[in-house]
Amino acid sequence: MYDESRHLARQDGLPADPDPIETAEWRDALLSMLETSGPERVRQILDMLAEAAGDSAVGWRPSRNTPYVNTIAVEAQPPFPGDLAIEERLAALMRWNALAMVVRANLAHGELGGHIASYASAADLFEVGFNHFFRGGPAGQADLVFCQPHSAPGVYARAFLEGRLEQADLAHYRQEITARARGARGLSSYPHPWLMPDFWQFPTGSMGIGPINAIYQARFMRYLAHRGLLDTTGRKVWGIFGDGEMDEPESMSALTLAAREGLDNLVWVVNCNLQRLDGPVRGNGRIVDELESLFAGAGWNVIKLLWGSDWDGLFARDTGGALRRAFSQTVDGQLQTFAAKDGRFNRDHFFGQDPQLARLAQGLTDDEIDRLRRGGHDLVKIHAAYHAAARSTGRPTVILAQTKKGYGMGEAGQGKMTTHQQKKLDRDALIAFRDRFSLPLSDEQAESLDFLHPGADSAEIRYLHARRGELGGPVPARSPQAEPVPVPPLERYAGFALQADGKEMSTTMAFVRLLSSLLKDSRLGPRIVPIVADEARTFGMAALFRQIGIYSSVGQRYEPEDIGSVLSYREALDGQILEEGISEAGAISSWTAAATSYAVHGTAMLPFYIYYSMFGFQRVGDLIWAAADQRARGFLLGATAGRTTLGGEGLQHQDGASLVTAAGVPNCRAYDPAFASEVAVIVDHGMRAMLEEQADVFYYLTLVNENVPQPSLPPEAHEGVIKGLYRHGAYGRGEPAVRLVGSGAILREAIAAGELLAADWGIASEAWSATSYAELARDAREVERWNRLHPEQPARRSHVEQCLAGGAPVVAASDYVRAWPSLIAPHCPARMTVLGTDGFGRSDTRSALRQFFEVDRFHIVLAALHALADAGACPRELCAQALARYPIRTDPRPSWEA
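Calculation criteria
Residues numbered from 1 in each chain as written. Predicted model: local features only at pLDDT ≥ 70, side-chain atom pairs only at ≥ 80, totals over all residues. Heavy atoms only, no water. Helix = DSSP H or I, 4+ residues; strand = E, 2+ residues; numbered from the N terminus. Rg over C-alpha atoms; globule rule 2.2 N^0.38 Å. Buried < 20%, exposed > 50% of the residue type's maximum accessible area, 1.4 Å probe, protein only. Contact = heavy atoms within 4.5 Å. Areas by Shrake-Rupley, 256 points an atom, 1.4 Å probe, with all protein chains shown as cover. Disulfide = S-S within 2.5 Å. Polar contact = N/O pair within 3.5 Å; in protein donor to acceptor, adjacent residues only side chain to side chain. Phe/Tyr/Trp six-rings, centres within 6.5 Å; stacked < 30°, edge-to-face > 60°. Lys NZ or Arg CZ within 6 Å of the ring centre and 35° of its normal. Pairing = 2+ DSSP bridges. Axes fitted to C-alpha atoms, helices over the stretch in contact; angles between N-to-C directions. pLDDT = per-residue confidence, 0-100. Right-handed = clockwise from strand over helix to strand, strands pointing away. Core = buried A, V, L, I, M, F, W, Y, C linked by side-chain atoms within 4.5 Å. Salt bridge = Lys/Arg side-chain N within 4 Å of Asp/Glu carboxyl O.

Draft legend 1. Main features of the overall build of the chain. Helix and strand counts for the chain come out as 37 helices and 20 strands. Relative to the compact-globule value of 29 Å for 898 residues, the chain shows a C-alpha radius of gyration of 32 Å, a close match. Projecting the C-alpha coordinates of the chain onto the three principal axes gives extents of approximately 105 × 70 × 55 Å. A burial count over the chain gives 58% of its 898 residues as buried. The contacts in the chain between residues at least 6 apart in sequence include a share of 77% that link residues at least 24 apart. Accessible surface for the chain amounts to roughly 35,800 Å². Of this, 50% is attributable to carbon and sulfur atoms.

Draft legend 2. Seen up close, the state of the cysteines. The full count for this structure, using the stated rule, is zero disulfides. Here cysteine 147 is not disulfide-linked; the sulfur of cysteine 272 is the nearest cysteine sulfur, at 17 Å. For cysteine 147, a relative accessible area of 2% puts it in the buried group.

Draft legend 3. Examining the side chain of glutamate 460 more closely. Looking at the element boundaries, glutamate 460 is found in helix 22 (residues 459–470). When its relative accessible area of 14% is taken as the criterion, glutamate 460 is described as buried. Polar side-chain contacts of glutamate 460 include one of 2.7 Å to the side chain of arginine 89.

Draft legend 4. Molecular detail of the packing of aromatic side chains. Counted by the stated rule, this structure contains 48 aromatic pairs. Both rings, one in tryptophan 311 and one in phenylalanine 327, keep their centres 5.6 Å apart while their planes meet at 65 degrees; by these two values the pair is edge-to-face. Separated by 16 residues along the polypeptide, tryptophan 311 in the loop between strand 4 (301–305) and helix 13 (312–317) and phenylalanine 327 in helix 14 (residues 322–329) bring together distant segments of the chain. In this structure, tryptophan 311 and phenylalanine 327 share a single accessibility class: buried. Ring geometry for tyrosine 671 versus tyrosine 699: centroids 6.2 Å apart, planes at 5 degrees, classification stacked. Here tyrosine 671 is found in strand 13 (residues 668–671), whereas its partner tyrosine 699 is found in strand 14 (residues 698–702), with 28 residues between them in sequence. When sorted by exposure, tyrosine 671 lands in the same class as tyrosine 699, which is buried. Sitting over the face of the ring of phenylalanine 615, arginine 619 holds its NZ or CZ atom 5.7 Å from the ring centroid. A cation over a ring is seen here: arginine 631 above tryptophan 194, with NZ or CZ 4.0 Å from the ring centre.

Draft legend 5. Examining the sheet that holds strand 13 more closely. Spatially, the six strands line up as an open sheet ordered 10-7-11-12-14-13, and their pairing is parallel. In this open sheet, the two edge strands, each paired with only one partner strand, are strand 10 (578–579) and strand 13. Inspection of the sheet shows strand 11 (residues 606–612) paired to strand 12 (residues 635–639) by five bridges, in the parallel sense. Directly across from tyrosine 612, in strand 12, lies its bridge partner alanine 639. Against the sheet, helix 28 (residues 617–629) touches strand 11, strand 12, strand 13 and strand 14, its axis set at about 160 degrees to strand 14.

Draft legend 6. Region of the structure containing the confidence of the model for the chain. In the predicted model, the chain carries a mean pLDDT of 92, and the fraction of residues at 70 or more is 97%. Long-range and interchain partners of residues 1–13, a stretch whose pLDDT sits below 50, account for 22 contacts in this model, where long-range means more than four residues apart.

Draft legend 7. Structural view of the pairing of strand 12. Among the five residues that make up strand 12, five are buried, leaving the element largely enclosed by the rest of the structure. Neither face of strand 12 is open: one carries Phe635, Leu637 and Ala639, the other Leu636 and Gly638, and all of them are buried. Each parallel crossover has a hand, and the one from strand 11 via helix 28 to strand 12 is right-handed. Relative to strand 14, strand 12 is paired through four bridges, and the arrangement is parallel. In the sheet register, leucine 636 faces strand 14, and the bridge partner there is tyrosine 700.

Draft legend 8. Highlighting the nonpolar core. Ranked by size, the top nonpolar core spans 110 residues in total, and within it Ile215, Leu266, Trp268, Trp300, Trp591 and Leu636 carry the most contacts. Of all the elements, helix 9 (residues 209–226) adds the most residues to this core, at ten residues. With near-sequence residues (within four places) excluded, tryptophan 591 lies in contact with Ile531, Pro607, Tyr609, Ala627, Ala632, Gly634, Phe635, Leu636 and Phe698.

Draft legend 9. Broad picture of the sheet that holds strand 1 (residues 144–146). One open sheet holds the five strands; their spatial order is 1-2-3-5-4, and the pairing between them is parallel. Each edge of the open sheet carries a strand with a single partner, namely strand 1 and strand 4. Taking each pair of neighbouring strands and ignoring which way they run, the sheet shows an average axis angle of 15 degrees. Here strand 4 runs beside strand 5 (residues 397–402); their pairing, made up of five bridges, is parallel. By the bridge assignment for strand 5, lysine 304 is matched with leucine 400. Of the strands in this sheet, strand 2 (237–242), strand 3 (266–272) and strand 5 are in contact with helix 5 (residues 117–132), which crosses strand 3 at around 145 degrees. Contacts from helix 9 reach strand 1, strand 2 and strand 3 within the one sheet, and its direction differs from that of strand 2 by about 170 degrees.

Draft legend 10. Spatial organisation of the pattern of salt bridges. Using the criterion set out here, one finds 46 salt bridges in the structure. Ionic pairing is found between aspartate 124 and arginine 95, a salt bridge with its closest N-O pair at 2.6 Å. Note that aspartate 124 is positioned in helix 5 and arginine 95 in helix 4 (residues 84–108), a separation of 29 residues in sequence. The residue aspartate 696 makes a salt bridge to arginine 631 at a minimum N-O spacing of 2.8 Å. With aspartate 696 in the loop between helix 30 (676–692) and strand 14 and arginine 631 in the loop between helix 28 and strand 12, this residue pair connects regions lying 65 residues apart in the sequence.

So, in structure tokens, the structure goes:
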């Protein structure tokens, strides 16, 4: 029956119920309907009432928060399918070995760092997944598991018991270089596929990247299935993340996409230990309530896992609702304090706050109160939540699992503000931890941090292998190879670019034409994934809407406004384009999913993500770095690239630095092509490297929207295009007195400068196309290192040394900051003058912008004359004459744009 006393004096800040008898009648009527007509009828009536109450005259909106209790009632829990005692012993072994590897490393090398408390809180969440839910097997069959990064030691501890890692490996945690010299495998600090390519599936060390990547991986699985490329039935994407991590914008940015796409193959487990690195996540509120509201509002299925089985009896006896009221009034900062204190403190300060609560605790000893588990530490409750999540349909699920940070660490760290930084434990703390989890260790073994393994024939290890065998194999595990995909001959799809013969086009249009031809290839075409962030029409890709369609998980339920147009907008269930809307973070996450498909799904795909270059590396550089860590293979295309080619768009759209950022990513091959032919050669080379040779590299190409006459490219220049530098032409008579090196849009200015030097000053020159200063610098560094380490061998010469040999000065100009051409300055055999577009952008015409940034043909001529004068190769008066002859401004510029 309805408890009137609960509404006579509300303690939650809401007004008291003015007519509790009427309220009781409404409640009893609802319960009577439930008994006579069933839950479906109750839902219909509630939906009708909610619609009526939403009228502006009432202005009611339902709360998205439910009481601070478990979503899954005790009577709804499925039977636990495993051996609970063995699983608890296994979890204890994992906890100890994880703790031991971190503490051992820091006793020997205090600088190594590491984390104990996060895995201590999440151990049971992981173990239920590993024992009952995370499917293994070959790529294309296994589940995808994103691991909370600070819990990596626990995953290593499990791999040790499985026989996948040796004790020597655990002893070299965070010592990857030292381990190799000692014949062991060093263990990376966090999940890193680059460092452990057959182990970790995904990098998650940079907070927030794991969550958004998980969403787009789940969506890409649907994409593969709907396009008939791979059967992904039954596979799940699991993500175990931290509650503090949910503060990252990337963590929350794609929640609505997951619900909109109905991604019921996606399950997140948010480890709500209520603490981030420095203190509470929400000291003055409740992060579980906040996240429940956010996820539910975004359309997710929310399962709250807050209290362990120890609380079930208390809730059953609590007929007056005292526990629920107490939890509704207790903020996370106080819950953290309760976690850090013992049973006596909790009896006095939690149960002692209310006579009804005190009566509930009368039958419990202080030790029993101390051991009351939160939901995330109860294997039975966790299994019930995972079981419900795995069977939920139509939408993604999030499990909000409450735990204690540093669980089991007692006075040394449980629930303490400093627990995240805890990396060492003294003898008493180690023995207390041993006793807390009943570990078979002597005092001496505990103090010496011996690793525990019960033996291959023990019941625990046999059980562990049996569970993983039923689930298909070990997790995490990564497959580094996939079936190669053949690339068609270059001339078949790029003949128009190689033999352009002066036809006008932009490199953007040339790329789109290349892409359109590649899509028609019967073997490669289906593996191509074009990706745009709401700019397909800007880049001239609208024709692809009809050719291959835009992927939609529901097809197209409307008649588009432009249906009669040849460029009409067409969505389709088997559409090939991923049109991600205005979300660069989402688009790069889609690209990462496609670019890692070879390892994750055993199906090599080739993504081409084209975007405003300004919104690429600068905006989502961390996501690109994570993709590099995952050994992504694909193309990133920075369109409308450069500082001066976009013209009127101005400061926020003009890109002058992305190539420098790209050059710092070890497995990124960054190119700034000037002509369509160069684009074709680079794309062809990249496809063969990634699809046929299966190299773990990806390519970044700049593309411009300026229509210019396109020259043909002789076959002998192809090698230079890939290496980063080739001679485009010579001007004037005799040996070149100066070499003009240009890249991207500014190569044409260098060519024009060569013609001016010959015509106006009688000076011979060469124009060189620098397709990649990054590749030139990489090659030069490798050659320099080889020469340094092999002093008795004949010295090698880098490509840039071979091309620019001799004493002729070099003038290098680009549409990017000076740091881009300057990458080769230490390796250039001659004096080098660098021109670039440092500073903020402007809105104006291309010619005005190039004059303003001093990278046009006239400034290149002046720089060449100045370099020759410094070398004593021409009179210095020629510089003054050039200043008078050409439209060159000499007024001062602000220091930040100098």
